[in-house]
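Spelled out from the first residue to the last, the chains are:
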Amino acid sequence: MSSPPPCASPVDKDIERFEYWAGNPDVEIAHGHIYVTSGPTARSVPFDLGDVLEDMAGAQPSFEASFSLNAPSSASSCVVLAGAVPCCMPVPEFLEFVGAFGDETHRLFRHCRVLYGRSPEEYLVAMWLVAPEAAAQLVERFDGRPYNSIEPGGCRMH
C-alpha cells in the first residue's frame, strides 16, 4: 500500500480518513483508505477518476485516494462520499433519498459505488457527479439531514 497522499499531513485539520473494503470475499476484495478534504484549503492529489472507480470495483487489491470538493479534476467532475449510511437503509432507498433517481437530478450522477467501512452497521457510498457545483449542492442539501424522523443521526456527506 502506498503512503498517504501529501494532503493528509497531520497539520491539515480538514482531512477525514475513511477505511473501506469492497468486492466479493469469495473472489477478490479491494481495500484501502479514502482521504476526503473540504473547506477553503481543499486540494487534491492528481488522479484519474476512471482508475479510482475501477479500483473501487476491485481491479486492484488496494488503493488510496484523495477527493476534494473544491479541486477540479480533469473532466470537471467531482466525487462525494456519504460516510455513514446505516445498513438498515437499502442502497436504492439511499440513492432515492439523495435524488439519484429524480426526474431532474438523475443526470447529475455519473456513477455510484457502495463501499464497506469499519463498522458492519454502516456502509459508504462514493458518488461521481458531473460537476463540482452539483457536488457542492448535494453536500449543502443533504449533509446533516436526518434519514427519517424515528432514528437519531443524519446523512454525512463529504
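Residues numbered from 1 in each chain as written. Predicted model: local features only at pLDDT ≥ 70, side-chain atom pairs only at ≥ 80, totals over all residues. Heavy atoms only, no water.

**Q** Whenever I open this one, the overall build of the protein confuses me. Can you help?
**A** Across its full length, the protein carries 3 helices and 6 strands. The order of α-helices and β-strands along the protein, N terminus first, is β-β-α-β-β-α-β-β-α. With 158 residues in all, the protein has 42% of them scored as buried. Long-range pairs, those at least 24 residues apart, make up 62% of the contacts in the protein between residues at least 6 apart in sequence. Accessible surface, the protein: about 8700 Å² in total, of which carbon and sulfur atoms supply 53%. (Helix = DSSP H or I, 4+ residues; strand = E, 2+ residues; numbered from the N terminus. Buried < 20%, exposed > 50% of the residue type's maximum accessible area, 1.4 Å probe, protein only. Contact = heavy atoms within 4.5 Å. Areas by Shrake-Rupley, 256 points an atom, 1.4 Å probe, with all protein chains shown as cover.)

**Q** Quick question: what am I supposed to make of the confidence of the model for the protein here?
**A** A residue-level look at the protein finds 68% of positions with pLDDT of 70 or above and a mean pLDDT of 75. Segment residues 1-11 is flagged for pLDDT under 50; beyond a separation of four residues in sequence, or across chains, it makes 22 contacts in the model. Residue range residues 40-50 is modelled with pLDDT below 50. Its contacts to residues more than four positions away, or to other chains, number 26 contacts. (pLDDT = per-residue confidence, 0-100.)

**Q** Explain the side chain of His-158 here, please?
**A** Structurally, His-158 is set in the segment after helix 3 (132-142). Within polar-contact distance, the side chain of His-158 engages the side chain of Glu-16 at 3.3 Å. (Polar contact = N/O pair within 3.5 Å; in protein donor to acceptor, adjacent residues only side chain to side chain.)

**Q** Got a minute to help me understand the side chain of His-33 in this structure?
**A** Tracing the chain through its elements places His-33 in strand 2 (residues 28-37). A polar contact is formed between the side chain of His-33 and the side chain of Arg-17, at a distance of 2.6 Å.

**Q** Honestly, the packing of aromatic side chains in this entry has me stumped. Any pointers?
**A** How two aromatic rings sit relative to each other is given by the distance of their centres and the angle of their planes. Under the criterion given, the structure shown has 5 aromatic pairs. Ring-pair connections join several aromatic residues into one group, and the members of that group are Phe-94, Phe-97, Phe-142 and Tyr-147. (Phe/Tyr/Trp six-rings, centres within 6.5 Å; stacked < 30°, edge-to-face > 60°.)

**Q** When you look at the pattern of salt bridges in this model, what are you seeing that I'm missing?
**A** Opposite charge on two side chains permits pairing when their charged atoms draw close. Counting across every chain of the model gives 3 salt bridges. For Arg-118, the salt bridge goes to Glu-19, with nearest N and O atoms at 3.1 Å. Taken together, the residues Arg-118 in the loop between strand 5 (109-116) and strand 6 (122-129) and Glu-19 in strand 1 (residues 15-24) connect sequence positions 99 residues apart. On the basis of relative accessibility, which here comes to 70%, the residue Arg-118 falls in the exposed class. Using a relative accessible area of 36% as the deciding quantity, one classes Glu-19 as partly exposed. One salt bridge connects Arg-156 with Asp-143, and the closest N-O pair in it is separated by 3.6 Å. (Salt bridge = Lys/Arg side-chain N within 4 Å of Asp/Glu carboxyl O.)

**Q** Is there a simple way to think about a nonpolar patch on the surface in this case?
**A** Residues Trp-21, Ile-29 and Tyr-116 make up a contiguous nonpolar surface patch of roughly 250 Å² in combined accessible area. Relative to the assigned elements, Trp-21 resides in strand 1. Classification of Trp-21 by relative accessible area gives partly exposed; the value is 30%. (Patch = residues over 30% accessible without salt bridge, like charges linked within 9 Å, V, L, I, M, F, W, Y side chains within 5 Å.)

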